[in-house]
Amino acid sequence: MTHTTSAAPVATRGAEGDPPEVVRLGSAKGGWFRRTGFSHLVGILALAFSIFPILFVVSASLNPTGTLSSSTLIPRDVSLANYRELFDGSFPRWFVNSLVIASLSAAISMLISACAAFAFSRFRFTGRRTGLMGLLLVQMFPQFLAIVAIYLIFANITELWPAIGFNTAAGLVILYLGGALGVNTWLMKGFFDTIPKDLDESAKMDGATHVQVFFGIILPLVAPILAITGLLGFIGAINEFLIASVFLRQDESKTAAVGLYGLIADPLTKNAQFGEFAAGAVVLAVPTVGLFMYLQRYIVGGLTAGAVKG
């Protein structure tokens with residue numbers, strides 16, 4: 001039996017001769033600004049802060065003059081000339097390279113990290129704790145700190161196996177995998193630990209192998225963390241610039257981030273080509289936003305479904 005309380009009116013005695021004042025219980029929560037107005041104000045400020053650069057880049061991409069000095073928050077004239085000039089150049093090739101590299105690195109990293117997380121979560125073996133701590137410690141150092149050593153390694157690889165050396169998508173994907181496996185494995189391992197081991201044991205009693213348990217039972221249950229790691233891996237790879245600028249030198253092998261930077265790298269021409277740079281930034285954001293919108297229902301739906309399981 002449950003008891004509920006309601007905001008019932010209570011009459012209080014006023015001054016002598018005055019009618020009693022009615023006070024509603026639960027109404028003393030402050031004014032509108034204290035209850036919800038401050039939250040609305042913070043939300044409006046955060047929205048304005050985040051949407052300002054987006055509006056400026058979109059406005060610059062539609063500016064027919066195509067220069068940084070003439071770009072404004074609200075475009076005076078609207079034209080698609082910057083987009084036409086952008087696609088008449090090497091940008092389509094850069095865009096495809098970015099999609100291929102980001103998709104492959106995100107998918108492979110997600111699969112390998114899931115396999116490693118399953119092993120660390122379900123099996124007990126010598127060096128398990130040391131391996132987990134090693135993965136955590138490696139993540140304390142940015143991958144770019146080893147850029148000199150990696151460059152020398154890839155210099156030798158390019159001579160022996162040019163297919164995975166400099167100016168190749170395969171070489172850059174392999175390089176990205178090394179920097180993403182640690183954090184993804186830790187994220188997935190924590191999620192794998194929340195799945196009862198009784199499911200594994202029941203499947204094994206029915207004759208299922210470890211592979212069947214992993215792909216048939218575990219992976220469908222960890223769809224939210226797969227979506228999160230896949231999305232983060234895709235965003236990180238498609239926006240990465242520092243390592244890609246070192247390992248991709250030929251124009252046909254560049255990613256969109258490296259190629260677009262080349263448009264404004266020259267101090268003499270960066271002002272004139274800013275419109276094309278802004279147009280490329282807008283186009284490059286489309287697959288990221290589309291992937292987020294597609295995976296959002298899986299993330300939200302998976303977390304909601306997991307919250308009501310008893």
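For the structure, check the block above.
Residues numbered from 1 in each chain as written. Predicted model: local features only at pLDDT ≥ 70, side-chain atom pairs only at ≥ 80, totals over all residues. Heavy atoms only, no water.

1. As for the nonpolar core
Which entries qualify depends on this criterion: Among buried residues, the Ala, Val, Leu, Ile, Met, Phe, Trp, Tyr and Cys ones that are joined through side-chain atoms within 4.5 Å form a nonpolar core. Accessible area is worked out with a 1.4 Å probe on protein chains only. A residue is then buried under 20% of its type maximum, exposed over 50%, and partly exposed in between. Comment: elements are numbered from the N terminus, with helices defined as DSSP H or I runs of at least four residues and strands as E runs of at least two.
Judged by nonpolar contacts, the single largest core of 32 residues is most densely connected at Phe 91, Leu 172, Leu 175, Tyr 176, Ile 243 and Phe 247. If one sorts the elements of this core by residue count, helix 3 (residues 91-122) sits on top with 6 residues.

2. Observations concerning helix 8 (residues 210-221)
Counted only if it meets this: Expected helix span is computed as 1.5 Å times (number of residues minus one). It is the directions from the helix axis to the C-beta atoms whose arc is reported. Residues are treated as being in contact if the distance between any of their heavy atoms lies within 4.5 Å.
For helix 8, spanning 12 residues, the distance from its first C-alpha to its last is 15 Å, which sits close to the expected 16 Å at 1.5 Å a residue. Restricting attention to buried positions, one finds in helix 8 the residues Val 213, Phe 214, Ile 218 and Leu 219. For helix 8, the buried positions fall inside an angular range of 140° around the axis, keeping them on one side. What points out from helix 8, more than 90 degrees from its buried face, is the exposed set Gly 216 and Pro 220. Elements in contact with the buried residues of helix 8: helix 3, helix 6 (169-193), helix 7 (198-205) and helix 9 (223-239).

3. Some points on the pattern of salt bridges
What counts here: When a carboxyl oxygen of Asp or Glu is within 4 Å of a side-chain nitrogen of Lys or Arg, the pair counts as a salt bridge.
Per the counting criterion, the structure on display carries 2 salt bridges. The partner of Asp 200 in a salt bridge is Arg 122, and the shortest N-O contact between them spans 2.7 Å. One end of the pair, Asp 200, is in helix 7; the other, Arg 122, is in helix 3, and 78 residues separate them in sequence. For the pair formed by Asp 200 and Arg 122, the shared burial category is buried. Note that Asp 193 and Lys 189 form a salt bridge whose closest N and O atoms lie 3.0 Å from each other. With Asp 193 and Lys 189 both in helix 6 and 4 residues apart, the pair spans about one turn of that helix. Looking at Asp 193, the relative accessible area reads 40%, which means it is partly exposed.

4. Describing the environment of Arg 128
Along the polypeptide, Arg 128 turns up in helix 4 (residues 128-138). With residues up to four places along the chain from it excluded, the contact list for Arg 128 reads Phe 120, Phe 123 and Lys 189.

5. What about the packing of helix 4 against helix 6?
The line we're drawing: In this analysis an axis means a line fitted to C-alpha atoms, helices contributing only their contacting stretch, and an angle means the value between N-to-C directions, from 0 to 180 degrees. Roughly parallel covers angles under 35 degrees, roughly antiparallel covers those over 145, roughly perpendicular covers 65 to 115, and oblique covers all other angles. In this scheme the handedness of a crossing depends on how the near helix is turned from the far one: anticlockwise by less than a right angle means left-handed, clockwise means right-handed.
Here helix 4 crosses helix 6 at 125°, and the two axes come no closer than 8 Å. Between helix 4 and helix 6, the angle falls in the class oblique. Once helix 4 is placed against helix 6, the crossing between them reads as left-handed. In this structure, helix 4 uses Arg 128, Leu 132, Leu 135 and Leu 136 to contact helix 6, whose residues at the interface are Gly 182, Thr 185, Trp 186 and Lys 189.

6. Observations regarding the packing of aromatic side chains
Rules: Working definition: rings of Phe, Tyr and Trp (its six-membered ring) pair if their centres are within 6.5 Å, and the pair is stacked with planes under 30 degrees apart, edge-to-face with planes over 60 apart, and tilted otherwise.
Applying the stated rule across the entire model yields 15 aromatic pairs. Seen in terms of ring centroids, Tyr 151 and Phe 247 are 6.4 Å apart; in terms of plane orientation they differ by 55°. Their pairing is tilted. In this pair, Tyr 151 sits in helix 5 (residues 147-160) while Phe 247 sits in helix 10 (residues 242-247), placing the two residues 96 residues apart along the sequence. Each residue in the set Phe 118, Phe 123, Phe 192, Phe 214 and Phe 215 is aromatic and connected to the rest through ring pairs, giving one cluster.

Note that every value here comes from positions in space, so none of it alone points to a role or purpose.
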